[in-house]
Protein chains: 2
Amino acid sequence: MPATRLDLARIRAARRDIDPVFLDTPLYRCEVLGRELGCAVSIKLETANPVRSFKGRGTELVAGLLDGQGRTAAVCASAGNLGQALGWSGRRRGLDVTVVASRRAPVAKLDRIRALGAELELVDGDFEMARERAAQIARRRGIRLVEDSLDIETCEGAATIGLELADGAPSFDAVLIALGGGAMATGVGYVLKSLAPEVEVICVQPLGAPAMTRSWHQRRVVTTDSADTIADGVAGRYPIPAVLDDLLTVADDAVLVQERSIVTAMRMLLERAGLIVEPSAALGVAAVLEDRDRFAGRHVATVICGSNVDLDAYHRWVRT
Amino acid sequence: MPATRLDLARIRAARRDIDPVFLDTPLYRCEVLGRELGCAVSIKLETANPVRSFKGRGTELVAGLLDGQGRTAAVCASAGNLGQALGWSGRRRGLDVTVVASRRAPVAKLDRIRALGAELELVDGDFEMARERAAQIARRRGIRLVEDSLDIETCEGAATIGLELADGAPSFDAVLIALGGGAMATGVGYVLKSLAPEVEVICVQPLGAPAMTRSWHQRRVVTTDSADTIADGVAGRYPIPAVLDDLLTVADDAVLVQERSIVTAMRMLLERAGLIVEPSAALGVAAVLEDRDRFAGRHVATVICGSNVDLDAYHRWVRT
């Protein structure tokens, strides 16, 4: 069992605390996509739930914990998906949820955060500015700050995807995971390294937002001055040291992909798999596109982690 | 328990014979869609599997039965989805599968039937011509003819969707089911009337292909001379008497919807739920659009039965 902040027994127990609507998501081979990519491709689909991303797995744990502690309010920074998920999980438990997001986040994400009854505050800067502002709100109001990837519940919630991958198919050679703050990558990676250590855990990040990947390669926190990618869900600049430590333990590789590969991957997921996905969800396929030889003839699983995308932007990128 | 050709114990047992990749599909509330439709909407998503439709549930039973009987070949007529599913289920069991389809069926469906290793024969007429030709092939070659909706396995396979709906949520007021040959409508309807008789079972068919709906209302088989709808999956003209008998027992209503409502429903499923669906899968939402008062404030579930659509046609209809 790799030594990280995560715990396999807790992750197994977490399944009981997560609303079943987020669990046991589809896992299936997509032959048409695989044929085009030159390898066998299995899709783990995390979009068919009330918030259209995997984040509900983690926020169910967070909100359940806060509720158990008698807390009545929480605040988080979000690129858009965590905010929806915390809004959903909080509403069920009567928690007042405040979400801080960048004004540049996709309108679809911002609208749905509001629709879930959360208070939404917008900042003019990027996600890192939203993080600062959320911390400030937490201090001023004396409410709990939920920090994606740092809060172990967000990692262990995402880690339940790993349980389903490990149970579902003994035959994967590699799993491709979008890398942002690191909750999903450390969570899924930890479970796979614990239960199926022969499976290669490959994290994928956009070249335009490479902070965590560079940090992984240099084995120390590397920050960047800016992030420039359409993959808004993974566009952080300040990796969290504790999360990097876990990632160093569980990831076999971290790779960067170009924007045009992300767009091609989104188009292939539409044309070959019939799926509308947000850019972050296309990172795995983009990684195969950029290194076909590495994956030729192998069986890869990729987590389709979200489908919250502005359709206008989507059509502009994919040119449908 | 309503008296039909179907049997609840057999349907429960069928779950053991169906590959799990087709079972326990996502069932979730889509609030954004519900808000626009003026009612609570739950989606039962049957597209996240290797054949992108619910038909695998039935073909798993059919192919397992044939395999158990030592058969080595089968033929079916298909609008496109049954052929893919029988191809998939047959290939796993070493069955030679022949599919007869209309030359006018969506190219995407025809390509995928071939890709699954099935022999594909095209006829110049419509689905009813394909049925005649498939029967002829079965007689000449002495192989088993698989008949959608008539073969009880196709109905009881689809009926496992009903088990999941009945288990999943006690609170539906109505379930909206696409009506074509009747396998899904009789299957899901039978289980709901057995286990949750208070749930209204509403079948939905296009006005341009109304044979089964007219038959249901007139309580006798009514055929039509032609079918004119974009919903290729449900465009039959000759209802099967035994299936009509079952439908008369389990359906509370059968309604017809206009083509423009189907298109609007497809667009809403894209814009509000992030789902690309084939026209047949949009029939339930189309029915709500055409009779908002009937569903106002109620909780409806709709089965998103397939996503095999030619993207060019899709974009032309939905104008994305």
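Caption draft 1: Representation of the overall build of chain A within the structure. Helix and strand counts for chain A come out as 14 helices and ten strands. Relative to a compact globule of 320 residues, whose C-alpha radius of gyration would be 20 Å, chain A shows 18 Å and is just as compact. Over its C-alpha atoms, taken along the principal directions, chain A stretches across nearly 55 × 45 × 35 Å. Looking at chain A as a whole, 59% of its 320 residues are labelled buried. Residue pairs in contact within chain A that sit at least 24 positions apart in sequence constitute 75% of those at least 6 positions apart.

Caption draft 2: Quick look at the relation of the copies chain A and chain B. Once turned by 180° and shifted 0.0 Å along the axis, chain A lies on chain B with an RMSD of 0.0 Å. Each copy turns onto its partner about a two-fold axis. The share of interface residues of chain A whose copies in chain B are also at the interface is 100%, consistent with both copies meeting through the same surface.

Caption draft 3: Inspection of the interface of chain A and chain B at higher detail. Listed by partner, the interface residues are 22 residues for chain A and 22 residues for chain B. When contributions to the side of chain A that touches chain B are tallied by element, the ones reaching two or more residues are strand 1 (27-29), helix 2 (31-37), helix 5 (107-115) and helix 14 (311-318) of chain A. Partitioned by chemical class, the residues of the side of chain A that touches chain B number ten nonpolar, six polar and six charged.

Caption draft 4: Representation of the sheet that holds strand 3 (residues 73-77) of chain A within the structure. Residue and element names in this part refer to chain A. Taken in spatial order, the four strands line up as 5-4-3-6 in an open sheet, and their pairing is parallel. Of all strands in the sheet, those bounded by a partner on one side alone are strand 5 (119-123) and strand 6 (144-146). Strand-to-strand, the axes of this sheet are offset by a mean angle of 25°, without reference to chain direction. Relative to strand 4 (residues 96-102), strand 3 is paired through five bridges, and the arrangement is parallel. Bridged to A77 within strand 4 is V100. Packing of helix 4 (residues 81-92) onto the sheet brings it into contact with strand 3, strand 4 and strand 6, and relative to strand 4 it is tilted by some 175°. Across the face of the sheet, helix 6 (residues 127-141) comes into contact with strand 3, strand 4, strand 5 and strand 6 while running at roughly 150° to strand 4.

Caption draft 5: Inspection of helix 12 (residues 283-290) of chain A at higher detail. Across the eight residues that make up helix 12 of chain A, a large majority, seven, are buried. Of the residues making up helix 12 of chain A, those classed as buried are L283, G284, V285, A286, A287, V288 and L289 of chain A.

Caption draft 6: Representation of the sheet that holds strand 3 (residues 73-77) of chain B in the model. Residues and elements named next belong to chain B. Here we have four strands laid out as an open sheet, ordered 5-4-3-6, and parallel in their pairing. Unpaired on one side and paired on the other, strand 5 (119-123) and strand 6 (144-146) mark the two borders of the sheet. Each strand of the sheet is rotated relative to its neighbour by a mean of 25°, with strand direction disregarded. The strands touched by helix 6 (residues 127-141) are strand 3, strand 4 (96-102), strand 5 and strand 6; relative to strand 4, the strand with the most contacts, the crossing angle is about 150°.

Caption draft 7: Layout of the pairing of strand 4 of chain A. Residue and element names in this part refer to chain A. Along strand 4, six of the seven residues are buried, which leaves the element largely enclosed by surrounding structure. The handedness of the strand 3 to strand 4 crossover, carried by helix 4, is right-handed. Both strand 4 and strand 5 contribute to a ladder of five bridges, which runs parallel. The residue of strand 5 that forms the bridge with V100 is E121. Between the parallel elements strand 4 and strand 5, the chain passes through helix 5 in a crossover that is right-handed.

Caption draft 8: How the structure looks around the packing of helix 3 (residues 56-68) of chain B against helix 4 (residues 81-92) of chain B. Residue and element names in this part refer to chain B. Orientation of helix 3 relative to helix 4, taken along the N-to-C sense of each, is 45°, at an axis distance of 8 Å. The angle between helix 3 and helix 4 places the two elements in the oblique class. Two packed elements cross with a definite hand, and for helix 3 against helix 4 that hand is right-handed. Contact residues: G56, T59, E60, V62 and A63 in helix 3; L82, A85, L86, W88, S89 and G90 in helix 4. Along the lines of polarity and charge, the residues of the contact of helix 3 with helix 4 split into six nonpolar, four polar and one charged.

Caption draft 9: Geometry of the domain arrangement of chain A. All names here are of chain A. By domain assignment, chain A separates into domain 1 (8-53 + 152-318) and domain 2 (56-146). Computed from C-alpha atoms alone, the centre-to-centre distance between domain 1 and domain 2 is 22 Å. When residues in the side of domain 1 that touches domain 2 are grouped by element, the largest group, seven residues, is from helix 7 (residues 152-168). Looking at the side of domain 1 that touches domain 2 residue by residue, the class counts come to twelve nonpolar, nine polar and seven charged.

Caption draft 10: The arrangement of unusual backbone geometry in detail. Residues and elements named next belong to chain A. Phi angles above zero are rare outside glycine, and D24 is one such case at about 50°. Backbone geometry places R52, a non-glycine residue, at a positive phi of 60°. Within the secondary structure, R52 sits in the loop between strand 2 (40-45) and helix 3 (56-68). Judged by local crowding, R52 falls into the buried class, with 30 C-beta atoms found within 10 Å.

Caption draft 11: Local environment of the packing of helix 3 of chain A against helix 7 of chain A. Residue and element names in this part refer to chain A. It is the contact of helix 3 with helix 7, at a shortest axis distance of 7 Å, that shows an interaxial angle of 135°. Here helix 3 lies oblique to helix 7, going by the angle between them. Seen along the crossing, helix 3 lies across helix 7 with a hand that is right-handed. Between helix 3 and helix 7, the contacting residues are R57, G58, E60, L61, V62 and L65 on the first element and E153, T154, E156, G157, A158, T160 and I161 on the second. Counted by class, the contact of helix 3 with helix 7 contains five nonpolar, four polar and four charged residues.

Caption draft 12: Summary view of the pairing of strand 2 (residues 40-45) of chain B. Residue and element names in this part refer to chain B. Taking burial as the measure, the six residues of strand 2 include six buried ones, the bulk of the element. Where burial is concerned, the two faces of strand 2 agree: the one with A40, S42 and K44 and the one with V41, I43 and L45 are both buried. Sheet topology places strand 1 (residues 27-29) next to strand 2; three bridges connect them, and they run antiparallel. Pairing of Y28 across the sheet is with I43, part of strand 2. Both strand 2 and strand 10 (residues 299-304) contribute to a ladder of six bridges, which runs parallel. Following the sheet pairing, A40 is matched in strand 10 by H299.

Caption draft 13: Focus on helix 5 of chain A. All of the buried residues in helix 5 of chain A are A108, K109, L110, R112 and I113 of chain A. On the buried face of helix 5 of chain A, the contacting elements are helix 4, strand 4 and strand 5 of chain A together with helix 2 (31-37) of chain B. Once helix 5 of chain A finishes, G117 of chain A follows within two positions and takes phi at roughly 90°, a positive value.

Caption draft 14: Broad picture of the environment of A101 of chain A. All names here are of chain A. Within the secondary structure, A101 sits in strand 4. For the pair A101 and V175, spaced 74 residues apart in sequence, the C-alpha separation works out to 30 Å. Ignoring sequence-local partners within four residues, the contact set of A101 consists of S78, G80, G83, L110, L120, L122 and A130.

Procedures and definitions
- Residues numbered from 1 in each chain as written.
- Chains lettered and ligands numbered in written order.
- Predicted model: local features only at pLDDT ≥ 70, side-chain atom pairs only at ≥ 80, totals over all residues.
- Helix = DSSP H or I, 4+ residues; strand = E, 2+ residues; numbered from the N terminus.
- Rg over C-alpha atoms; globule rule 2.2 N^0.38 Å.
- Buried ≥ 20, exposed ≤ 12 C-beta atoms within 10 Å, placed from the backbone.
- Contact = placed C-beta atoms within 7 Å.
- Least-squares fit on C-alpha atoms with pLDDT ≥ 70 in both.
- Nonpolar A, V, L, I, M, F, W, Y, C, P; charged D, E, K, R; others polar.
- Pairing = 2+ DSSP bridges.
- Axes fitted to C-alpha atoms, helices over the stretch in contact; angles between N-to-C directions.
- Right-handed = clockwise from strand over helix to strand, strands pointing away.
- Parallel < 35°, antiparallel > 145°, perpendicular 65-115°, else oblique.
- Left-handed = near helix turned anticlockwise from the far one by under 90°.
- Domains from an automatic or database assignment.

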